Amino acid sequence: MLTVQEATVPSTPPTSSAEDCSIVTRGLTKRFRGGQVAVDGLDLAVPRGAVFGFLGPNGSGKTTTIRMLLGLAAPSSGSWELLGVSMPRGLPAVLSRVGALVEGPSFYPYLSGEANLRRYDAADPAADPRTATARIGLALDRVGLTAAARKRYRAYSLGMRQRLAIAAALLGPRELLVLDEPTNGLDPQGTREVRALVKEIADEGTTVFVSSHLLAEIEQMCSHVAVMRAGRLVAQGPIAELRAGETVRIRVETPDTAEAAAVLAALGLRGVRSGDGEAGAELGEEAPERVCAALVAGGVAVRGLAVQRPSLEDVFVGLTGEGFDVDG
Ligand SMILES: Nc1ncnc2c1ncn2[C@@H]1O[C@H](COP(=O)(O)OP(=O)(O)OP(=O)(O)O)[C@@H](O)[C@H]1O
């Protein structure tokens, strides 16, 4: 279920039932001491098994929300559930089922990846030292670092470093993985590695909640998205549903613009436009190859034909009436 909310209108709770969700928030709000409202009445519903993109420009409240979800910051008002358990009371019971990468763990450059994980695990009072070796081996395997386990951390590439940080969040079996801007500061190769890893982890059945200020990244990685702006939720839902409302257009490059427009109109296509060496229309249910055949049969010299799908950014602009002003 896609919900779109005006930044100025109080948000309505999403309709997904709480049992089907790994994260639910109701009216979650954080007001800092100076009076600044960083998160304002947030109603999130993160379905189990989703790769849920939490998207918003820098300063829109993503980290503050994640910190509240994990019990690292106290909300000013509102409530939330993780894995169906009411928080913050249930935190001790639930946290071992939740892996998180928020303020990236600091690793020792002179120790190997494996030794770093060993230290990290030893610092967790909830982790059983008797199973440490097996769990560390499994976590390294999951992030594809088994071969580099004995290599010193300082010799790791940026992507390997971030994968090790994710391994640290996977030192036990997790039902939910929360990643705050996991590709921040990575080169394109590292970004690809992390993106592929997130997909693999999700394929194994773990719900992944991942924040980013990069729309393209969320688009490539996630099944669902929530968009934040200035502490408020602007839209949330499955990306496929966001896309379902989009208008796909067909564009013909031709010197015969008037004739092309006539053929498009004769096919019953809506929104026909022509001029400046091209003609176009909304594709609707029509197949592009049929449009092409009709143009050629109609004597139109077709120099180029393109099906234009709006980017997710265009969809958001259409939904919210505003641009999505983010870096990258
Ligand atoms: N401890 C704090 N005290 C006062 N204001 C804060 C505090 N932490 C965050 N803020 C403010 O709250 C707002 C939301 O910040 P937050 O870090 O949650 O945003 P974000 O979307 O995660 O951005 P970024 O990607 O830059 O971290 C910002 O305006 C920020 O300056």
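Quick caveat, the model's predicted, so the values are computed rather than measured.

Things to note about the site of the ligand
- If you check the shell around the ligand, you find Phe32, Gln36, Ala38, Pro57, Asn58, Gly59, Ser60, Gly61, Lys62, Thr63, Thr64 and Glu181 and nothing else.
- Within the side chain of Asn58, a nitrogen or oxygen atom sits 3.2 Å from an oxygen atom of the ligand.
- Separating an oxygen atom of the ligand from a backbone N or O atom of Ser60 is a distance of 3.0 Å.
- When the ligand is considered free in solution it has 630 Å² of accessible area, and contact with the protein chains removes 59% of it.
- Broken down by element, the shell around the ligand gets its largest block of residues, 3 residues, from helix 1 (residues 62-69).

Considering the sheet that holds strand 16 (residues 304-308)
- As summarised here, the arrangement of the 4 strands in space is 14-15-13-16, forming an open sheet in which the pairing is antiparallel. If you trace the sheet from one side to the other, it starts and ends with strand 14 (273-275) and strand 16, each paired once. Averaged over all neighbouring strand pairs, the angle between strand axes comes to 15 degrees, with direction disregarded.
- Each of strand 13 (249-253), strand 14 and strand 15 (278-282) touches helix 9 (residues 257-266); the most contacted strand, strand 15, lies at about 15 degrees to it.

Things to note about the domain arrangement of the chain
- Here the domain parsing of the chain yields domain 1 (3-243) and domain 2 (249-309).
- Relative placement of domain 1 and domain 2: their C-alpha centres are 45 Å apart.

Remarks on helix 9
- Within helix 9 the residues assigned to the buried category are Thr257, Ala260, Ala261, Val263 and Leu264. Taken down its axis, helix 9 places every buried residue within 160 degrees of arc, on the same side. Facing away from the buried surface of helix 9 by more than 90 degrees, the exposed residues are Ala258 and Ala266.

Thoughts on the environment of Asp40
- Along the chain, Asp40 turns up in strand 3 (residues 37-42).
- When the C-alpha positions of Asp40 and Ala127 are compared, they lie 35 Å apart, and in sequence the two are 87 residues distant.
- Not counting residues within four places of it along the chain, the set of residues in contact with Asp40 comprises Leu28, Thr29, Gly231 and Arg232.
- There is a polar contact of 3.2 Å between the side chain of Asp40 and the side chain of Arg232.

What to know about the nonpolar core
- Counting 46 residues, the largest nonpolar core has Ile166 and Val208 as its most contacted members.
- Excluding its chain neighbours within four sequence positions, the residues that come into contact with Ile166 are Leu101, Val143, Leu177, Leu179, Val194, Leu197 and Ile201.
- Residues Val46, Leu83, Val98 and Val178 belong to the second largest nonpolar core, which totals 28 residues.

Section: the packing of aromatic side chains
- Tallied over the full model, the rule gives 4 aromatic pairs.
- An angle of 15 degrees between the planes, with centres 5.7 Å apart, marks the rings of Phe52 and Phe209 as stacked. Taken together, the positions of Phe52 in strand 5 (residues 51-55) and Phe209 in strand 10 (residues 207-212) put the pair 157 residues apart, joining distant regions of the chain.
- Given the relative accessible area of 1%, Phe52 is considered buried.
- Since its relative accessible area comes to 0%, Phe209 is described here as buried.

Re the pattern of salt bridges
- Considering all chains together, one arrives at 12 salt bridges under this definition.
- Arg97 is the partner of Glu175 in a salt bridge, and the nearest nitrogen-oxygen pair spans 2.7 Å. Of this pair, Glu175 sits in the loop between helix 5 (158-169) and strand 9 (176-180) while Arg97 is found in the loop between helix 2 (91-94) and strand 8 (98-101), placing the two residues 78 residues apart along the sequence.
- Using a relative accessible area of 33% as the deciding quantity, one classes Glu175 as partly exposed.
- Here Glu286 makes a salt bridge to Arg290, at a shortest N to O gap of 2.7 Å.
- Via salt bridges that share partners, Arg251, Glu253 and Glu278 belong to a single interconnected network.

Criteria and cut-off values
Residues numbered from 1 in each chain as written. Predicted model: local features only at pLDDT ≥ 70, side-chain atom pairs only at ≥ 80, totals over all residues. Heavy atoms only, no water. Near = heavy atom within 4 Å. Polar contact = N/O pair within 3.5 Å; in protein donor to acceptor, adjacent residues only side chain to side chain. Areas by Shrake-Rupley, 256 points an atom, 1.4 Å probe, with all protein chains shown as cover. Helix = DSSP H or I, 4+ residues; strand = E, 2+ residues; numbered from the N terminus. Pairing = 2+ DSSP bridges. Axes fitted to C-alpha atoms, helices over the stretch in contact; angles between N-to-C directions. Contact = heavy atoms within 4.5 Å. Domains from an automatic or database assignment. Buried < 20%, exposed > 50% of the residue type's maximum accessible area, 1.4 Å probe, protein only. Arc of directions from axis to C-beta. Core = buried A, V, L, I, M, F, W, Y, C linked by side-chain atoms within 4.5 Å. Phe/Tyr/Trp six-rings, centres within 6.5 Å; stacked < 30°, edge-to-face > 60°. Salt bridge = Lys/Arg side-chain N within 4 Å of Asp/Glu carboxyl O.

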